[in-house]
Amino acid sequence: MKDVTAIILAAGLGTRMKSNRQKGLHSLAGRPLIFYPIRAALEAGIGRLVLVVGHQSDEVEECVSDIFPDADISFAVQEKQLGTAHAALCAREAVGESDDVVVLNGDLPLLGPDSLKGLMDACTASGGMLAVTTAVVDEPFGFGRVIRDKSGLASRIVEEKDASPAQRKVPEINLGVYAARADHLFSTLDSVGDGNAKKEFYFTDVVELTKKAGHGVGIFVLPDETQARQVNDRVELAVAEEALYRARALRLMAEGVTIHRPESVLIDDDCEVGRDTEIWPGVELHAGTRIGVGCTIGTGTILDNVEVGDGVLIRPYSVMTDSVMEDESQAGPFTHLRPQSTLKHGSKVGNFVEMKKSVLGPGSKASHLTYLGDSSVGSEVNIGAGTITCNYDGVHKMPTTIEDGAFIGSDTQLVAPVKVGKDAYVGAGTTVTKDVPDGALALSRVQQTHIMGYAVNRKKK
Ligand code: UD1
Ligand code: CA
């Protein structure tokens, strides 16, 4: 393969977003917009990238370096946003000696790597100077229109604002994704002017200039027009995000995951789901959540960076963050796992159970109405309904330890720091303030007394 560099244009603020944040930093399907074109270039086998940044360049650079720490990405700054031709010229030095370049607008999240490969092939086939990516769409409004010559090659691109009524009817749009020979491109860009409706230096002018210089401009038509979704404003962002979620759901179904009402399910791009797992409506999987095989994820459940093993059952409306559910464990309905909670193999939490920074050991259960905070619970422990670890004295957080085989009766308070020993029992309604020795029964109840005849006497009054 020839030495190719991808230039990604992302210096504009994105005025139509009406935002204080640069457009590329807006998130869709769990990733910032700028992530998608970078990934497409890398997956197409393009090893070097130059990102043209301008507005909020520090934030954009930091964001990109965080997501792609190992990729060969350099940054070129475009101080003033004078147009897409000017932006591409800013990358000239960083591109260096590369033979070829692929130039992409930074606001096309659905463009796939195969399309970039197809584009590079179209460039080679048309003489190797320049090729553009197009799509034929029902609603071309807002895009540049591609005007073809008699031989079917591109002769020019006209922007919406500069187009005549007849040109506006052309359904073939310019995507803003080009392949070119690097030296040809930069020398042609040098002669682009700003004589147009927006008084900007348009990249699209290189098409006409290349043709006038006697070279053919190739066209790669996208096989599927959803890849042409650009994000200029918030409505387009929502449309593109929906398409990304839909594509993710379709891929998972193809891999053997059942998804009920997939249009209601939001699975971020970096989440994994194993085969024969069943996902019910309204589920959201975010931030690198990984789910094993043969699990059930109940309606309305939201998992954020959660590691789920195999054969796990999560009943409806559970919310979990930065946590782990090992194989065969169960949760919900209405379980809340806050960060650093682990359900070990075969353990179970039920409705209205909240955990934070706690481990529930293998085979242990907390089936109803319980709070476990800063707790370490061993194996085969039974935690009765309404058990609360009192882990916070208003200043410090303190640990609770419950050892293997212990039985905690209902409505128990465990005032931390405290430990319940192996096989110990805690009677219902106990407030545990001292460590309970192994095998002992802890009780802190007031003796029950009876006042005989009370009801009859009361009625007489
Ligand atoms: C551009 C194309 C249009 C095409 C459309 C497809 C031009 C003149 N027009 O229009 O033919 O149909 O994309 O998506 O190229 N940018 C810079 N510096 C600048 C200007 C823009 O880096 O000075 C970046 C933006 O951040 C953005 C990209 O270039 O990522 C495209 O800019 P945008 O303003 O969205 O171009 P469109 O008007 O959509
Ligand atoms: Ca755009």
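Not measured: the values here are computed from a predicted model. Think of each chain on its own: its residues are numbered from 1, step by step along the sequence as written. All chains are assigned letters beginning at A, and all ligands numbers beginning at 1, according to the order in which they are written. Given that the model is predicted, a residue must reach a pLDDT of at least 70 before its local features are reported, and side-chain atom pairs must reach 80 or more before they are shown or counted; all residues, however, enter totals for whole chains, interfaces and linings. Side-chain numbers come from the whole structure's heavy atoms, not from hydrogens or water.

**Section: the coordination of the calcium ion (ligand 2)**
Keep this limit in mind: Coordination partners: N, O, S within 2.8 Å of the metal, 3.2 Å for Na, K and Ca; water not considered, so apparent gaps in a site are possible. Helix and strand assignments come from DSSP, with helices taken as H or I runs of at least 4 residues and strands as E runs of at least 2, each series counted from the N terminus. Relative accessibility decides the category of a residue: with a 1.4 Å probe and only protein chains considered, values under 20% of the type maximum give buried, values over 50% give exposed, and everything between is partly exposed.
Around the calcium ion (ligand 2), the protein contributes the donor atoms Asp107 (OD), Gln230 (OE1) and Asn232 (OD1), at 2.3 to 2.5 Å from the metal centre. Mapped onto the polypeptide sequence, the residues donating to the calcium ion (ligand 2) form the spacing pattern D-x122-Q-x1-N. Here the residue Asp107 occupies a position in the loop between strand S6 (100-105) and helix H5 (113-125), and Gln230 occupies one in the loop between strand S11 (217-221) and helix H9 (234-254), the gap between them amounting to 123 residues. For the pair Asp107 and Gln230, one class covers both residues: buried.

**Notes on the pattern of salt bridges**
Defined as follows: Salt bridges are identified by distance alone: a Lys or Arg side-chain nitrogen within 4 Å of an Asp or Glu carboxyl oxygen.
Inspection of every chain in the model, using the stated rule, returns 19 salt bridges. The salt bridge partner of Asp114 is Lys117, with a shortest N-O separation of 4.0 Å. Placement of the pair is Asp114 and Lys117 together in helix H5, with a separation of three residues, close to one helical turn. Exposure remark for Lys117: the relative accessible area of 38% places this residue in the partly exposed category. Connected via shared salt-bridge partners are Arg145, Glu160 and Arg168.

**Side note on the environment of Ala6**
What counts is decided by this rule: Between two residues, a contact is recorded if the distance between any of their heavy atoms is within 4.5 Å.
Following the sequence through the fold, Ala6 ends up in strand S1 (residues 4-10). Separated by 31 residues in sequence, Ala6 and Pro37 have C-alpha atoms that sit 9.7 Å apart. Once residues within four sequence positions are removed from consideration, Ala6 is found in contact with Ala41, Ile46, Arg48, Leu49, Val50, Val102 and Leu104.

**Some details on the layout of surface pockets**
The following threshold applies: Cavities and pockets were defined on a 1 Å grid built over protein atoms only: a cavity is a set of grid points that admits a 1.4 Å probe from which the probe cannot escape, a pocket is an open set flanked by protein on both sides within 12 Å along at least five of seven lines, and lining residues are those with an atom within 4 Å of any such point. Grid points are joined across faces, edges and corners, and a volume is the space filled by probe spheres set on the points.
By volume, the largest pocket amounts to about 1,500 Å³. Surrounding the largest pocket, 48 residues form its lining, Arg16, Asp107, Gly142, Gln230 and Asn232 being those nearest its centre. Elements with a minimum of two residues in the lining of the largest pocket: S1, helix H3 (84-89), strand S10 (172-181) and H9. Counting residues per element, the lining of the largest pocket draws most heavily on S10, at five residues.

**Description of the sheet that holds strand S26 (residues 342-343)**
Rules: Only strands that DSSP links by at least two bridges are regarded as paired with each other.
Strand order in this open sheet of nine strands is S14-S17-S20-S23-S26-S28-S30-S33-S36, and the pairing throughout is parallel. Each edge of the open sheet carries a strand with a single partner, namely strand S14 (272-273) and strand S36 (418-420). Pairing analysis gives two bridges linking S14 to strand S17 (residues 290-291), with the strands arranged parallel. Across the sheet, Glu272 pairs through a bridge with Arg290, a residue of S17.

**A closer look at the site of ligand 1**
What counts is decided by this rule: One heavy atom within 4 Å of a molecule or strand makes the whole residue count as near it. Whenever a nitrogen or oxygen atom comes within 3.5 Å of another N or O atom, the pair is scored as a polar contact, on the condition that within protein one atom can donate a hydrogen and the other can accept it, and that pairs from neighbouring residues in sequence are kept only if both atoms are in side chains. Residue exposure ignores everything except the shown protein chains as possible cover, and the areas themselves are Shrake-Rupley values with a 1.4 Å probe. By definition, a pocket or cavity contains a molecule when more than half of the molecule's atoms lie within 2 Å of the pocket's grid points. Any residue that is not Ala, Val, Leu, Ile, Met, Phe, Trp, Tyr, Cys, Pro, Asp, Glu, Lys or Arg is counted as polar, Gly included; the first ten are nonpolar and the last four charged.
As a structural note, the neighbourhood of ligand 1 is formed by 25 residues, with Leu9, Gln78, Thr84, Glu159 and Asn174 the closest of them. Note that an oxygen atom of ligand 1 is positioned 3.0 Å from one of the backbone N or O atoms of Gly12. Alone, ligand 1 offers 760 Å² of accessible surface; in the complex the protein occludes 92% of this. Of the pockets mapped on this structure, ligand 1 occupies the largest pocket. Of all the elements in the fold, those that place two or more residues in the shell around ligand 1 are S1, H3 and S10. Classifying every residue of the shell around ligand 1 gives eight nonpolar, twelve polar and five charged.

**What about H9?**
As a reminder, the rule being used: Multiplying 1.5 Å by the helix residue count minus one yields the expected span of that helix.
Taking 1.5 Å of rise per residue, the 21 residues of H9 would be expected to cover 30 Å, and the 30 Å separating its terminal C-alpha atoms lies within 8% of that figure. All buried positions along H9 are accounted for by Leu237, Ala240, Ala243, Leu244, Tyr245, Arg248, Ala249 and Leu252. In this structure, the buried residues of H9 make contact with strand S2 (27-28), helix H1 (35-43), strand S12 (258-259), strand S13 (266-267), S14 and strand S16 (284-286). Gly256 occupies a position one or two residues after H9 and carries a positive phi of about 105 degrees.

**Details of the domain arrangement of the chain**
So the rule is basically this: Source of the domain bounds: an automatic or database domain assignment.
When cut into domains, the chain gives domain 1 (4-228) and domain 2 (234-442). Listed as interface residues are 14 residues of domain 1 and, on the opposing side, ten residues of domain 2. There are one salt bridge connecting domain 1 and domain 2. In this structure, Asp269 and Arg39 form a salt bridge, with 2.6 Å as the shortest nitrogen-oxygen distance. For the interface between domain 1 and domain 2, the tally reads four residue pairs in polar contact (both at pLDDT 80 or more). Broken down by secondary-structure element, the contributors of at least two residues to the side of domain 1 that touches domain 2 are S2 and H1.

**Thoughts on the packing of helix H7 (residues 182-190) against helix H8 (residues 205-212)**
Short version of the rule: The convention used is that axes are lines fitted to C-alpha atoms, helices contributing only their stretch in contact, and that angles between N-to-C directions extend from 0 to 180 degrees. Here the angle decides the label: under 35 degrees means roughly parallel, over 145 means roughly antiparallel, 65 to 115 means roughly perpendicular, and every other value means oblique.
Closest axis-to-axis distance for the H7/H8 pair is 10 Å, and the angle between their directions is 105 degrees. When the interaxial angle is binned, H7 and H8 end up roughly perpendicular. Facing H7, whose interface residues are His184, Leu185, Thr188 and Leu189, H8 presents Val206, Leu209 and Thr210. In the contact of H7 with H8, the residues fall into four nonpolar, three polar and no charged.

**Thoughts on the packing of aromatic side chains**
Selection criterion: Each Phe, Tyr or Trp ring (for Trp, its six-membered ring) is paired with any other whose centre lies within 6.5 Å, and the angle between the two planes then decides the class: stacked below 30 degrees, edge-to-face above 60, tilted in between.
Within this structure, the stated rule accounts for six aromatic pairs. Taken together, a centroid distance of 5.7 Å and an interplanar angle of 20 degrees make the contact between Tyr317 and Phe334 stacked. Taken as a pair, Tyr317 in the loop between strand S21 (313-314) and strand S22 (319-321) and Phe334 in the loop between strand S24 (330-331) and strand S25 (336-337) lie far apart in primary sequence, 17 residues in all. Residue Tyr317 is classed as partly exposed on the basis of its relative accessible area of 44%. Aromatic side chains Phe334 and Phe352 sit 5.3 Å apart centroid to centroid with 10 degrees between the ring planes, which places their arrangement in the stacked category.

**Side note on a negative patch on the surface**
Stated formally: Residues enter patches when they are more than 30% accessible in relative terms and free of salt bridges; like-charged ones are connected within 9 Å and nonpolar ones (Val, Leu, Ile, Met, Phe, Trp, Tyr) within 5 Å. We score Asp and Glu as negative and Lys and Arg as positive, and we do not count His or the chain ends. One atom stands in for each charge, and that atom is NZ of Lys, CZ of Arg, CG of Asp or CD of Glu.
Negative charge collects at one region of the surface, where Asp58, Glu59, Glu62 and Asp66 lie side by side. Along the polypeptide, Glu59 turns up in helix H2 (residues 57-67).

**Notes on the environment of Ser329**
If you trace the backbone, Ser329 turns up in the loop between strand S23 (324-325) and S24. Ser329 sits 156 residues away from Ile173 along the chain, and the two C-alpha atoms are 52 Å apart. Dropping the residues within four chain positions of it, Ser329 is found in contact with Gly311, Val312, Leu313, Leu343, Lys344, Gly346 and Ser347. Of the polar contacts made by the side chain of Ser329, one reaches the backbone oxygen of Glu326; its length is 2.6 Å.

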